[in-house]
Amino acid sequence: EFRRVLFRSLAADRHLNAAYDLHTRLRRAPYEDLANDLSLLAELDWRRGRPAHADSIGRASIAMWRALDSGPTAGTAQALVTLGGINLDLAQVDVAEPLLREGLAMSQTLYPHGDRSVARALNSLGNAMHYRGNFDAADSLHQQALAMDRRLVGELNPDVLADLLNLAQVESDRGRFAAAESLA
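To start, this report covers the structure provided alongside it. (Residues numbered from 1 in each chain as written. Predicted model: local features only at pLDDT ≥ 70, side-chain atom pairs only at ≥ 80, totals over all residues. Heavy atoms only, no water.)

Another aspect to go through is the overall build of the protein. From N to C terminus, the protein includes nine helices and zero strands. Tracing the protein from N to C terminus, the helices and strands come up as α-α-α-α-α-α-α-α-α. For the protein, with 184 residues in total, the buried portion stands at 41%. Partitioning the contacts of the protein with sequence separation of at least 6, the portion at a separation of at least 24 is 57%. Entry remark: accessible area of the protein is about 10000 Å², with carbon and sulfur atoms responsible for 55%. (Helix = DSSP H or I, 4+ residues; strand = E, 2+ residues; numbered from the N terminus. Buried < 20%, exposed > 50% of the residue type's maximum accessible area, 1.4 Å probe, protein only. Contact = heavy atoms within 4.5 Å. Areas by Shrake-Rupley, 256 points an atom, 1.4 Å probe, with all protein chains shown as cover.)

Printed below as a string of structure tokens:
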């Protein structure tokens, strides 16, 4: 199973790179599909453990989304949150936080009643606040993400588990081990 998933990941990487190369030869203007593909490629590289490479691709994606000047879009919000997460992995919290705040604000504008993308952005910003040692803000953001995920996808979902683990980590780092154990 692992080999099959790895093979698919490598094949996806080849196809995304080929699409990007073809686009750059055919078209020089910003293009929404390419901006989205770049965001996907950045996330793929990030998940494959190449955050520095993912960072440069993510920046290209955001630059293209901004050049499109189409106002708040789900693609732009996703690209901002993805790049913010990549920068958290690179321990660049000062770079990550404004990206995450902008992505969250955009997601909340697009989905005022909540969406999984809003919950993802809440969690990512919560992680940034956690890294900064701002446990109250981290706790509040993770609690909001948990409530939204429970409402949207139910209790038995990996996103809810991730929310609970984020909350447990905050409690543990506060030294509240009993509270952390009750969450994990």
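Continuing now.
It is worth spelling out the packing of helix α5 (residues 93-110) against helix α6 (residues 116-132) at this point. α6 packs onto α5 with a crossing angle of 155° between their chain directions and a minimal axis gap of 9 Å. With respect to each other, α5 and α6 are oriented roughly antiparallel. α6 is crossed by α5, and the crossing has left-handed handedness. Of the residues in α6, those in contact with V93, D94, E97, L100, R101, L104, S107 and Q108 of α5 are S117, V118, A121, L122, S124, L125, A128, M129, Y131 and R132. In the contact of α5 with α6, the residues fall into ten nonpolar, four polar and four charged. (Axes fitted to C-alpha atoms, helices over the stretch in contact; angles between N-to-C directions. Parallel < 35°, antiparallel > 145°, perpendicular 65-115°, else oblique. Left-handed = near helix turned anticlockwise from the far one by under 90°. Nonpolar A, V, L, I, M, F, W, Y, C, P; charged D, E, K, R; others polar.)

Counted under the stated rule, the structure contains twelve salt bridges. Between R116 and D159 there is a salt bridge; the shortest N-O distance is 2.2 Å. Taken together, the residues R116 in helix α6 and D159 in helix α8 (residues 158-174) connect sequence positions 43 residues apart. For D159, a relative accessible area of 29% corresponds to the partly exposed category. The salt bridge involving R150 is made with E155; its shortest N-O contact spans 2.9 Å. Among the ionic contacts, a cluster of salt bridges with common partners joins D94, E97, R101 and R132. (Salt bridge = Lys/Arg side-chain N within 4 Å of Asp/Glu carboxyl O.)

A few words on the nonpolar core. Soluble globular proteins tend to bury their nonpolar side chains together. Within the largest apolar cluster, 19 residues are counted, with the highest numbers of intra-cluster contacts made by L38, I57, I62, M64, L80, I86 and L99. Those elements that provide at least two residues to this core are α2 (32-47), α3 (51-68), α4 (74-89) and α5. Considering every element that reaches this core, the biggest residue donor is α2, with seven residues. Listed in part, the 18 residues of the second largest apolar core include A119, L125, M129 and A145. (Core = buried A, V, L, I, M, F, W, Y, C linked by side-chain atoms within 4.5 Å.)

Read these as geometric descriptors, not functional statements.
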